[in-house]
Each structure stands twice: as C-alpha cells, then as structure tokens.
Amino acid sequence: MSSWLDYTINGLIVGNVYALVAVGLALIFGVSRLINFAQGSIYLVGAYIGWVAVVQLHTPLPLTIIVVAVAAAIVGLIIERFGLRPLQNSVRIAPLLATIGISFVLDQLVMLTFSPNPRALPSQLPDVRFQVGGGTIGPLDLLIAGVGLTSALLLFVFLRYSKLGWAVRATAQDRDAAMQMGVDVNRVNQAVFGIAAALGGVSGLLVGMYYNQIDTAMSLQATLKGVVAEVVGGAGNVPGAVIGSLLLGLVESYGVAVFGTSYRNLFAFLLLVVVLVLRPNGLFASARQAPPEPLTGTFIAPSRPVRIPRWALAVAAAIFAILPLFPVSFYVLQTLINAWLLGMLALSLTLVAGTIGQVSLGHAALLAIGAYTSALLSLTLNVPVGLAIIGGGLMSAALGTLLISPSFRLRGHYVSIATLAIGEIVSLVILNWESVTRGPIGISGIPPLSLFGTELISPTSIYWFSFAVMVVLALLQGRLLTSHLGRSFRAIRDDDIAARAYGLSLNRYKSLAFIFGGFAAGVSGGIAAHLYSYINHETFNTQQSILALTVVILGGLGNVVGAMLGAVALVGLPEVFRIAAEYRILIYGIVLLLLVRFRPQGLLGTI
Amino acid sequence: MTASTPEPLLALSNVNTFYGQAQVHFDLSITVARGHIVCLLGGNASGKSTTMKIILGLVKPRSGDVTFDGASLVGLTTPQIVRRGIASVPEARRLFADMSVRENILMGAFVRNDREAIAQDLDKMLTLFPKLGQRLSQRAGSLSGGEQQMVAMARALMSRPRMVVMDEPTMGLSPLYVDRVLELIRTINQEGVSVFMVEQNASLALEIAHEAYVLQTGKIVLSGSARTLKDDPRIRDAYLGGAEAA
Ligand SMILES: Nc1ncnc2c1ncn2[C@@H]1O[C@H](COP(=O)(O)OP(=O)(O)O)[C@@H](O)[C@H]1O
Ligand SMILES: [Mg+2]
C-alpha cells in the first residue's frame, strides 16, 4: 500500500521530469512565440539514445546523461536550422505546422530504427529504497530530483549572468528591440533550441529509467504534458513552467491515488482546459499582461485560389461515380472508400481551420463521437443504421460545439492546444465511461451499413454510398461559403476585432461553423463504425487528426474541392506507389514539411 | 539638397517602401550631416516610423539606397547595422520590461566586449541621467514614462554610437520631461553624436534641430535648415495636410 507521502514524492518526481520538457517549451515560446510540437520527439530520441548508450555501449551513468544531452541538443540545432529558420518570414501558422511535421518524421524514424515494440531501459542505479517518514524514496528519485535542480540552477545562471542569456531574455521580451541592441536573433534561437532539446532528451532518458520501459508512444504524451505544464505556468514563463510541472505531477499523482491509473491523463487535460479558459495567460500572469497571442494578423496564408470550372468538377464527379462500373479491383474501391471518409473529415476541418481560422488538432474526437453514437444507437436501441449515422452526425455537432465553446475566445496556437486537449479528453472519457462505451474492450458486432432496410455489403455499394454522402456534404458546404454566412466566417478569421466592431457575434458564428463541421465529421465517424464493425477508444486518434490537417493544408485551407483532392492524394498516392504501411506516416510528415516550406497555400490555394 | 557639407553621415536616396501592395515611401531622400541633429516631421501615418525601420534594416526598401559613412546598409541585418555605429531609441521606448533598469542600460552595450569601459560608461550615464541611480535594480516596466525615456536614451548611448535615431522621443511625456529630453538630445549631440529624430511636435523639434524634413503621406514636401523652417508658414499648412491625411 502506498502512502500519501509516496504519492507526493511520486508527483514531485514526475513533475520534475515534466519540468525538463516544459522549461524547454517555455524558452522556445518566449523567444519565438512558437509551441514546439516536436519537443516530445526529442524526448523520445533522448530515451532511445540513452537505451543505445546503456544497453549497447554500457556507458556509466554520468556519461550516459552527457551523451544523451549532447545528441539531443544536436537534433534540436538541426531542427532549428533546417526546419524553422527558413520559415522566419512566412505566415505564423507555418512554424507550428513544421514542428508537427518534424515530430512525425522523428517519431517514425525512431520507430523504423528500433521497431514499435517497447524496450526495457534499465536504471543504472541500485534498486534499493529508503524509508522517509511514512513513504519510501530510491536512488533514481534522488537522481531525477538532482538533475532537475541542477538544470534549473544552470539555466538560472545562464539567463542571469551570461551575455547570451541576457540576449535570450531580451529577445523574449521584445524581439525587435533586442535586434536594435545588436542581438542576433538566429543565435538566440539556436541557443534556446539547443538547451530545450538537451533538457528534453535527458528527461526522456530519466523517464525511461523510471518506468524501466520506453516506446514510441512516449513522444506525443510528453509533448502534451509539457504543453499542459507550460501553459499552466504561463506560456513563455520559465519559472512558471517549473511550478506548472510540479503542480501537474501532483495533480496527476493524487488523481491516480483516488481514481486509478486510467484517469492520469484526464486530470492533466482537464487542468489545461480549465486554465486555458479561466486564465489563458497561466496561473501566475499579472492581470495587466497582454495575451501572448496577438489578436489580429494573418494566421493563414492568403492566396488566390485556383478556379476550377464547374463542368470540370462535374466531369470529375461523374468519373468517380461510374468508376465501380469498370473492372476495378476491390483494393482500389477500398482505398477510395477510405479517401471519401477522410474527405468528409477534411471538409469539416477545412471549414473550421481554413474558413474561420481555428486550427484544430483534435478533429478525430468528432469522428469518435459520431462513431460511438451511431454504433450504440444501432446496437442498443435498434435504430436503423442510416438514421443512426445521422444521429452520430448530430451528436458530434452538438457535443463537439459544446466542448469547444469554452475556447472560442482563444486564438492561434491556443486554439490548437485546446482542441488537442479536448480530443484527448474525449478519448479518455470513452476509455473510462465503461457503462456506456464499454471502456477498453471497445464495441464489437456493430451492424453493417444499410439504407432503407437493405444492407450495403458489396464494396461497390459502400463506395457509392460514401461518395454520395461526401459529395452532398461538399455541395452544402460550397453553398454555405458563397453565402453571407461564409463571408462573415472569413471576416472573423481575418480579424476578429474588426469583425466584432462590425457587430458580428463571434461565438454564434464559430458555433455555426463547428455545428456544420461537427456534423460532417460525425457522419464520417458513423459510417466508419459500421464499416469496421469494431471500434475502441484508440480507433480515432491524434494521428488521424494530424492526417486530416495535412490533407486540408495540401488542398488549401478553406478550399472545399481541395479537401477532397487532398484526401484522394494522401490516401491514394501511397497505394499507387505501393509504399509500405510503416513508411506512410513518415511520408505524411515529409509532405507536411515540404508544403509548409514551399507551398503553404496548398495545391488549390486558400480561400 | 539641404545645407549639408561634404559627405553626409547618413543618406537615404530615392527610397521606395511598400507594405504588401501599399506604398509608404515615394522616392524618399534624406541626408544627415556629421554632427547634426536632423528632424523628420510629419503627421500620423505619414511614414516616419517606417523611415526609422528602413535605416535600422527592420524593413527593406523595394528600391533606393541607404548609406552610412559612405557604405550601403541595404542587405545588412539589423544587428550588423547596429554594429556599424547606429543606436536607436524606438517608438514607445520598447524597454525590456521585466529586466532591471541596470540590465536594460547594459543591453545597450551588447555589441561591445570591453568590460571595464562599459562599467565606466554606465557611471557616465548615471551622471547624465542622475535620477536613474536609485532605480537601477527596479523592473524597467515599473518606471514612469519619463523615466523610461531616460533609460531608453541611456541604453542607446551605451553602444558608443556615431548616430542615434529616435522615434518620437517626447511622445506621451509630461511637459517637464519634454524639456528635459530635448535638452539631453542637445547634450548628446554636443558630445559628437549625430541625431536623426522623428517628431510630430514641429515647434519643439525645430528648437534643437539643425535641419528638418517634412513628410506627408510618404513624400518629402518641405526641407531646409531649422531656422528658416521655423518661420515658414508652409510648415503649418503641410502639417495640417498631413494631419488630415491621417
Ligand atoms: N507592419 C505594417 N504593415 C502594414 N502597414 C503598415 C505597417 N506599419 C505601418 N504601416 C502603415 O504604413 C503607414 C505609415 O506608417 P508609419 O511609418 O508607422 O507612420 P508614422 O510613424 O508616421 O505614424 C501607415 O499607413 C501604416 O498603417
Ligand atoms: Mg510612428
């Protein structure tokens, strides 16, 4: 039986680990107003480099730590130099998307090199525990605490007493003014990325030793926890990040003590959402402080969309419609069905992210809500599948809008963080709400698709059904965008202060967009549930959210035709080139990086 | 152009600047003679701050040239330009609010490495701006506007510049501080530092300037020695025109 003291010690130790990640995020946000979504990947790389050092090279512990810190710092420097510096003059969303792409690439490279199977990372310290009060503490706990304190001290000395440290602080407070003092901002960025990566890498190593296990899923978790801690402490606030981390560690540890392990992350994300909504500048921000996101300015690259004549669209639609009449393989139809389902999700996201400028990173949650609703309606209430799918769409529209509405007042990066967290919360609620969702077991035996009592079993009929649904949704969305409502949406995206000045009610318009988008995504999830016949809390994950975002950017943010084209391209091309499944995510990451760098307006242009 | 002697310290020639599609400067030409105070006057949104940004390399001109001491600044980064000997007192001061006053002033010496001389210069600043002595360890953000202006000026001088560019140094200050700032600009100038300043308040600026230019929606409409401009009725007209355009 663990005592409260044990939970406290555990919370503080885990908090220390988070702090190493969060401090790096805070430094980076401070100087470049960027949430580095690749921070968790560096942590992952650190853990695996540590594994190589410990298990294969048998390095002693101090050397292991140094090797990991140096190697991770080098990765950080490479990311800064080749991933982000070329984007300095592009739109503000570009670096954010680039870090997402980089994180996909790094995670996949680790996975391809080391396989996705978990590995044991032995702690290099003796496994003894000392009694302290009513709890126990081990050498590894002390090591983690020691590394945390030492890093904090070194960082303090660096920021306070070195010239480069002064430059970092000055840049964080006023970039232009710092440049006018002669500060080379590129060197500052380099320093900050190097330090952040070294700390993140060491954090990964320590966590691996603490749990005696490493696997590639660590990456996203670490990014999320680091972001939570950083935002709780106040974005860009380094001491705040440390306190936020310790707080997060304690909240999680006590939460686990009371409710059980599967609730750990739920507390983390609830804490984030509460802080984002109530104190978006973090717990310690002074009241007068301006919000860290500028309130106006273009987050999305404006461009002139490619005009496609109606007849060309009609011809394309007709070709796809009659495709099953030709002798195409089952495999081709299957691939295109996936593309249509992804296309519906992309339609939803392109409306929300492109047209009203809320770049959502948790869109898969809408799929999950639609899928579970439709599955449960048809299974438990015997609702006909066609109606159940519509019910899924409506539930996604309602619940999705309700969940996102507290963060309507956020902008830019903060929307992305909030949606990411809400996405995780949905998945965790599904995992824990066993009486309704059947928890980790998932739902099996979901009835197949059917329409007016006829089961759609053949690939051809499923193909037609999903294609037709997507086209109808696309036509509706096209109508919407050319209407007065569509213009209001874009006005809000471009400048919500001005839009408010014209008397537009932001919340109402944002809600409308989420309702429409939620419906499309929910329908997609509903169809998927009946197609797969089995779903669980991991069926619709962050990877799909990011894939949808890549599709939308590929097609051109806000562009309806682009969303469908992007879906066909991203689902279809890897099939055409017969790229093995394990390389696909890598390809998606690279596509995202290339797009951001060379064609941020996408194939068909933003609208 | 103006009554300037041999080679000017700073020269903008035929500068055209754009923000996206919008043109902000139309064939702008300005010279600052060595040792002079030159003032750029103009109403709101006439392009004054953008002129500062062009000099400092924060905004790049689409065409035209900027030379300092005979060498072109176009294509250099801001830190490189600062190292050539130009220091700035930005619009609205732009102190590093969470750093101490001492740290702010010392940030001005970022381009220098001579520790002892920097320490001496810090002492010198405290004789020039005696009020700052008691404020050294205070957060810069907690100072009054006038005090912040003093810090911004001290910070600029710490790089031992050959020229200081100032964007509306008297903006938002109480009358007492306005006089003090103008007096200090004159003192700085007498120690051999050339000054290029942007002002909305023409009568004040013309008190201390050697030459002045009047900018109206991106074009120089009037220029000459401060003494002649002071009595020129057109300055009032140009001014009102500029204000209307804003
Ligand atoms: N970063 C910018 N992007 C677009 N337009 C700008 C920017 N900065 C200034 N402007 C515009 O350029 C014009 C001149 O601005 P500015 O140089 O700041 O004028 P002043 O300092 O004389 O008030 C104004 O119309 C202003 O709106
Ligand atoms: Mg100005």
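Residues numbered from 1 in each chain as written. Chains lettered and ligands numbered in written order. Predicted model: local features only at pLDDT ≥ 70, side-chain atom pairs only at ≥ 80, totals over all residues. Heavy atoms only, no water.

This paragraph deals with the side chain of Arg584(A). Secondary-structure assignment places Arg584(A) in helix H24 (residues 581-598). The residues touching Arg584(A), leaving out its near neighbours within four places in the chain, are Pro574(A), Glu575(A) and Ile579(A). (Helix = DSSP H or I, 4+ residues; strand = E, 2+ residues; numbered from the N terminus. Contact = heavy atoms within 4.5 Å.)

With 18 residues, helix H2 (residues 39-56) of chain A should cover 26 Å at 1.5 Å per step; its first-to-last C-alpha distance of 25 Å lies within 8% of that length. One or two steps after H2(A), the chain reaches His58(A), where phi turns positive at roughly 50°. (Expected span 1.5 Å × (residues − 1).)

What follows covers the domain arrangement of chain B. Residues and elements named next belong to chain B. The domains assigned to chain B are domain 1 (1-85 + 163-233) and domain 2 (98-160). Distance between the C-alpha centres of domain 1 and domain 2: 24 Å. The partner domain 2 presents 15 residues to the 14 residues of domain 1 that form the contact. Considering only the side of domain 1, the residues that lose the most area to domain 2 are Arg83, Tyr177 and Leu184, jointly responsible for 40% of the buried surface there. Where domain 1 meets domain 2, there are 1 salt bridge. A salt bridge links Lys124 to Glu191; its shortest N-O distance comes to 3.9 Å. Our enumeration of links across domain 1 and domain 2 arrives at 2 residue pairs in polar contact (both at pLDDT 80 or more). For the side of domain 1 that touches domain 2, the elements supplying multiple residues, two or more each, are helix H2 (78-83), strand S7 (163-167) and helix H6 (175-190). Broken down by element, the side of domain 1 that touches domain 2 gets its largest block of residues, 7 residues, from H6. Classifying every residue of the side of domain 1 that touches domain 2 by side-chain character gives 10 nonpolar, 1 polar and 3 charged. (Domains from an automatic or database assignment. Buried area = accessible area lost by both parts, 1.4 Å probe. Salt bridge = Lys/Arg side-chain N within 4 Å of Asp/Glu carboxyl O. Polar contact = N/O pair within 3.5 Å; in protein donor to acceptor, adjacent residues only side chain to side chain. Nonpolar A, V, L, I, M, F, W, Y, C, P; charged D, E, K, R; others polar.)

Time to look at the packing of helix H9 (residues 218-233) of chain A against helix H11 (residues 264-278) of chain A. Residue and element names in this part refer to chain A. Close contact between H9 and H11 brings their axes to 9 Å; oriented N to C, the two are set at 40°. Two packed elements cross with a definite hand, and for H9 against H11 that hand is left-handed. Listed contacts from H11 to Gln221, Leu224, Lys225, Val228, Val231 and Val232 of H9 are Arg264, Asn265, Ala268, Phe269, Leu271, Leu272, Val275 and Leu276. (Axes fitted to C-alpha atoms, helices over the stretch in contact; angles between N-to-C directions. Left-handed = near helix turned anticlockwise from the far one by under 90°.)

With that settled, consider the pattern of salt bridges. Any two side chains of opposite charge can pair, so long as their charged atoms come close to each other. All names here are of chain B. Tallied over the full model, the rule gives 18 salt bridges over all chains. The partner of Glu168 in a salt bridge is Lys48, with the nearest N and O atoms 3.8 Å apart. With Glu168 in the loop between S7 and H6 and Lys48 in helix H1 (residues 48-56), this pair connects stretches of sequence that are 120 residues apart. Judged by relative accessible area, which is 7%, Glu168 ranks as buried. The residue Arg162 makes a salt bridge to Asp69 at a minimum N-O spacing of 2.5 Å. Taken together, the residues Arg162 in the loop between helix H5 (145-157) and S7 and Asp69 in the loop between strand S4 (63-68) and strand S5 (71-72) connect sequence positions 93 residues apart. Looking at Arg162, the relative accessible area reads 37%, which means it is partly exposed. Given a relative accessible area of 32%, Asp69 falls into the partly exposed group. Salt bridges linked by common partners bring Glu7, Arg34, Asp69 and Arg162 together as one network. (Buried < 20%, exposed > 50% of the residue type's maximum accessible area, 1.4 Å probe, protein only.)

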